Amino acid sequence: MMRPCIMALLAGTITLCAVAADDPPQPQAFVVRKQPVPSGPRITPFLQYQAEQAWKEDSDRLKAWEAIHNERDLLKTRGELRQKLLQMIGGLPEVKTDLHPRVTGRIQMDGFAIEKLIFQSLPGVYVTALVYVPDDHSKKHPAVLLAAGHASDGKFHYQALSQRLVGRGYVVISWDPVGQGERSQFWDATTGKSKYNLICGEHAVMGNLAYLAGANLARWEIWEGIRAVDYLLARPEVDGQRISIMGTSGGGTQAALIAALDQRIKVAVPSCYISALPMRVSNRIFADPDSDPEQDLFGMISNGVDHPGLLLLLYPRPALVAAAVLDFFPIEGTRKTVREVRRLYERFGHGDRIAMVEGYHTHQFSPENQEAALNFLDHFNQMPVWHGLPTVKELAGKALQCTETGQVRLDYSDAKSLMSVIKEYYDEHRIGPAPGLAKQYYGDKYGGVKDWQVSEYTGVSPRQKQITWETMGSSRSGDVSIDRYMLHHSELLEMPLLHIHKSGAGKRTVLLWFSERGKVTAADWPEIKKYVDEGYDIVSFDFRGLGETRMPYTAVSPDDPELGTLDFDRAYVNSISGVLANHVYNSLLIGRPYFLQMIEDAEIAGRFAREKLGTKVEVVTAPSDGYTLASAIAEILPGVELLSRPDARVLKWSEIVEQERETWPIQYLLPSGAYTH
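Residues numbered from 1 in each chain as written. Predicted model: local features only at pLDDT ≥ 70, side-chain atom pairs only at ≥ 80, totals over all residues. Heavy atoms only, no water.

Undergrad: Got a minute to help me understand the overall build of the chain in this structure?
TA: A count of helices and strands for the chain gives 20 helices and 19 strands. Its C-alpha atoms give the chain a radius of gyration of 29 Å, within 12% of the compact-globule value 26 Å for 677 residues. Taken over the C-alpha atoms alone, the chain extends approximately 125 × 60 × 50 Å along its principal axes. Residue pairs in contact within the chain that sit at least 24 positions apart in sequence constitute 71% of those at least 6 positions apart. Of the roughly 26,600 Å² of accessible surface on the chain, a fraction of 52% belongs to carbon and sulfur atoms. Counting 72 positive and 83 negative side-chain charges, the chain places the averaged centre of each group 3 Å from the other. (Helix = DSSP H or I, 4+ residues; strand = E, 2+ residues; numbered from the N terminus. Rg over C-alpha atoms; globule rule 2.2 N^0.38 Å. Contact = heavy atoms within 4.5 Å. Areas by Shrake-Rupley, 256 points an atom, 1.4 Å probe, with all protein chains shown as cover. Lys, Arg positive; Asp, Glu negative; His and termini not counted. Charge placed at Lys NZ, Arg CZ, Asp CG, Glu CD.)

Undergrad: For this particular structure, what's the right way to read the packing of aromatic side chains?
TA: Centre-to-centre distance and the angle between the planes together describe a pair of aromatic rings. Within this structure, the stated rule accounts for 25 aromatic pairs. Between F376 and F380, the aromatic rings sit 4.9 Å apart at their centres with planes inclined by 55°, giving tilted as the arrangement. With F376 and F380 both in helix α11 (residues 367–380), this residue pair falls four residues apart, about one helical turn. The residues F376 and F380 share a single accessibility class, namely buried. Residues W469 and Y485 carry aromatic rings whose centres are separated by 6.3 Å and whose planes lie at 80° to one another, so their mutual orientation is edge-to-face. Here Y485 lies in strand β14 (residues 480–489) and W469 lies in strand β13 (residues 466–477), a separation of 16 residues in the sequence. Accessibility expressed as a relative area gives 6% for Y485, which makes it buried. (Phe/Tyr/Trp six-rings, centres within 6.5 Å; stacked < 30°, edge-to-face > 60°. Buried < 20%, exposed > 50% of the residue type's maximum accessible area, 1.4 Å probe, protein only.)

Undergrad: Any chance you could explain the pattern of salt bridges here in plain terms?
TA: Throughout the structure, instances matching the rule amount to 46 salt bridges. Notably, a salt bridge pairs R227 with D230, separated by 2.8 Å at the nearest N-O pair. Here D230 and R227 lie together in helix α6 (residues 217–233), a separation of three residues that amounts to about one turn. Per residue, the accessibility class of R227 equals that of D230, and both read buried. Residue E658 is joined to R430 by a salt bridge in which the shortest nitrogen-to-oxygen separation is 2.9 Å. (Salt bridge = Lys/Arg side-chain N within 4 Å of Asp/Glu carboxyl O.)

Undergrad: Is there a simple way to explain the layout of surface pockets in this structure?
TA: Unfilled space is identified by rolling a water-sized probe across the atoms. By volume, the largest pocket amounts to about 890 Å³. Every residue lining the largest pocket is counted, 29 residues in all, and those nearest its centre are Q87, F298, Q440, P671 and S672. Listed by contribution, the elements that provide at least two residues to the lining of the largest pocket are α3 (71–89), α13 (418–429) and α14 (437–441). Examining the composition of the lining of the largest pocket, we find that three residues originate from one element, α3, more than from any other. Estimates place the volume of the second largest pocket at around 610 Å³. For the lining of the second largest pocket, a count of residues per class yields twelve nonpolar, seven polar and nine charged. (1 Å grid on protein atoms, 1.4 Å probe; cavity = no way out; pocket = protein on both sides within 12 Å on 5 of 7 lines; lining within 4 Å. Points joined across faces, edges and corners; volume = space filled by probe spheres on them. Nonpolar A, V, L, I, M, F, W, Y, C, P; charged D, E, K, R; others polar.)

Undergrad: Sorry, what's going on with the environment of V144 here?
TA: Its place among the elements puts V144 in strand β4 (residues 141–147). What makes V144 buried here is its relative accessible area of 0%. When sequence neighbours within four positions are dropped, the list of residues in contact with V144 reads L165, Y170, V171, V172, I173, S244, M246 and L377.

Undergrad: Could you clarify how one ought to interpret the sheet that holds β13 in this entry?
TA: Remark on secondary structure: sheet strands pair via backbone hydrogen bonds, oriented parallel or antiparallel. In space, the eight strands of this open sheet follow the order β12-β13-β14-β15-β17-β16-β18-β19, with mixed pairing throughout. Two strands bound the open sheet, and with one partner strand each, they are β12 (453–456) and β19 (641–642). (Pairing = 2+ DSSP bridges.)

Undergrad: Whenever I open this one, the pairing of strand β16 (residues 509–513) confuses me. Can you help?
TA: Regular strands place their side chains on alternate faces of the sheet. Counted residue by residue, β16 has four buried out of five residues, so it is predominantly covered. Sheet topology note: the β16/strand β17 (residues 536–541) ladder contains four bridges and is parallel. Looking at β17, one finds that L512 is bridged to V539. In terms of handedness, the path from β16 via helix α15 (residues 525–533) over to β17 forms a crossover that is right-handed. In this structure, β16 lies alongside strand β18 (residues 617–621), joined through four bridges in parallel fashion. The partner of V510 across the bridge, within β18, is V617. (Right-handed = clockwise from strand over helix to strand, strands pointing away.)

Undergrad: Which parts of the structure should I look at to understand the environment of L75?
TA: Along the chain, the position of L75 falls in helix α3. The exposure class of L75 is partly exposed, given its relative accessible area of 36%. Through-space distance from the C-alpha of L75 to that of P316 is 9.6 Å; in sequence the pair is 241 residues apart.

Coordinates in, geometry out; function isn't part of it.
So this is what it looks like as C-alpha cells:
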C-alpha cells in the first residue's frame, strides 16, 4: 500500500509535468543556426549569390559582343541596346509640349551673365535652371549641359564648374533634378524642409512608385535633359552642332543616359558613375547604401546593357570617363568597362574618341579630373587650348534662386507633383490585359524548382537545381515537435526551416506559415499552437535575406545619418537606405524581382516537404503584411490554397500608385506590378 506522503509527492510531480508540457517552447527552439552570425558588414550567402548571378549575366553580354565583327554589327548592337534602354525606363513622352521658358532674373558677372530660368519639361512640371552666357555675342558658342549630381542644393552646388565652362566660351545650362534644390516634391512649408532628404531620399520615394507603374525615375530625368537641349537650340548664341554634356555622381548617371538617347549631344563626360554593375552589387550596402532607383534600371545587367552598354550607345561620339580611385563606384569596374568599349572604338578607327582619367581620391569631380574633362571638351569642340583652372566667385544659393520662395511647387499653383505624373503615366498605360503573376514567375528566369533533386547535405555546396538538407535538432512542447533544418540550394543560398507537427497524429493538413520577418519565432507561438490544435502541421522558413539569413548590419546613410540610428529591425527594412532595399535593387539589376524570389523560396520549402518529410503543403497564410505574399503564393503554386484570417490584408500595387503612396514594404517592389492586380 502506497503511503499518503508518497502519493502526494507523485501527484505534485504529475502536476508539475503538466504545467511544463503547457509552457511555450524556449526561443532557441525556433533558431536553426547553431551559432549566430557575428554583427557587422558581411558578404552573406545571399549577397554572394546576387553577385555571382550578375557576373554570369555579364559573361553572357561579353559572349554576345564577341559576335561584333564589323561596324554594321556594332551599329545593330547599338540599336538593340537603345531599344532595351527605352523599354527599361518605360519609354519617353511622345510629344514635346511648349517649354514656356521664363527668365526670372539675371546676374551680370565678369565676362558672362547668369540667367535664372524656369521651363516646363511637361505641362505643369516646372524645371529650375541656371544659364551661364558669355558676354561675347559676336559669334555662336558651343553649349554644355551640366547635370547636377546628388547634392541637396542641386544646381547651386555646381556653379564653380559652370563658371569655368562659361569662362572658356561655353553656354552652360545647369538644372535642378526633380527632388533636389528648388524642386522638392515633398516640401513641408511649416518646417521649411522636405519630408525626406533632398539627396537620394526623395528619389527613392518617387522611383519606387515609378517601378510599380512600369517605368523608372530615369525616364523623367532623361526627358528633362532632352528638353534642356531643345531650349539651348532655341537660343541664337548657341551652336547646335556643338552641344556636350557632363556631370558627376548622379549627374554622371544623367550625362550617360541623356547622351545615350539624344544624338544631338556630340560629346559626353560622365564622372564618378561608370563602373561595372556586378561590382556595384557587391559593395553598395557598405559603401553607398542610399536608394537610387534611377541607377537601378530593371534588367540593366540581365538585358546585356550595364555600363558598357551605356558607353557603346555613344559610339562613335567622343566620350571621356572621369573616375576616382577610391570611389564607391569600383575603379576596377570603370577600367574594365572602358577597356571593353575602347576596343570597339579602336577596331573601327575611333580610338582617339574615348578616354579615361582617374584621380587618387574619393567620390568627387576633382580639380585634376575637371581640367582633363575641360581639355577634352575643348579639343572636340574646336576651342582654344587652356591650362589650369581659374578661380571663380561663387554666389550664395539664395542669390541664385529662380523662384521667390525657394521651391517651385510653392510658387506655381498649377505645378504637378512627379508622384501625380507617375500616376498619369500608369493611367495611360493600363489599357488592355496585363500578364498575371504566374506568367511573370514562370518566365525566362524561372529555375524549374518543381523538378529539383532533394537529398541529404554532405558538407559540399549543392549543384544547380539541387536542394540538400541537414538536420539541426528538435524540440518538444507537450505532444508537439519542432524539427529544425537547414536547406542548401542554388549553390550558395541557405534556408532555415521549421517543421512543427504532432507526433503520431495521423494524416494532417500541412500549412505554410510565415510573417513579414520570416519563419515562426517564440512570439508567434500562441497563433501557431492554435493552428496545430486545429489539425495543421506547420512548415515555416526564412526567405533569403530575412530572419536568420539577414546581414546583422545597419547600413549608414551618408545623406541622412539619422536613418542609421533606427533600431536594427526598422533600419534593415528601411526603403531609403536599408540593407533589404539594396538586396531588392540588386535583384532588379539581375532581372528577377525579389518578390518573385520569395515565391521561389516558398516553392523550395514545399519541394523539401514533399521529398523529405513526405507531406504536401496544401494551404498558406501569414499575418499582417505577409498576407500579400501568401496570397501570391496561393495564386502561383499549384495545389496550394490561401487560408483566410481576420486580419487579412492584401497589398495591391495598383492602389499604391493610384493613391500615390510614398512608402510600403520594399520587399514587395514588383516592376509593372500595378498592372498585375
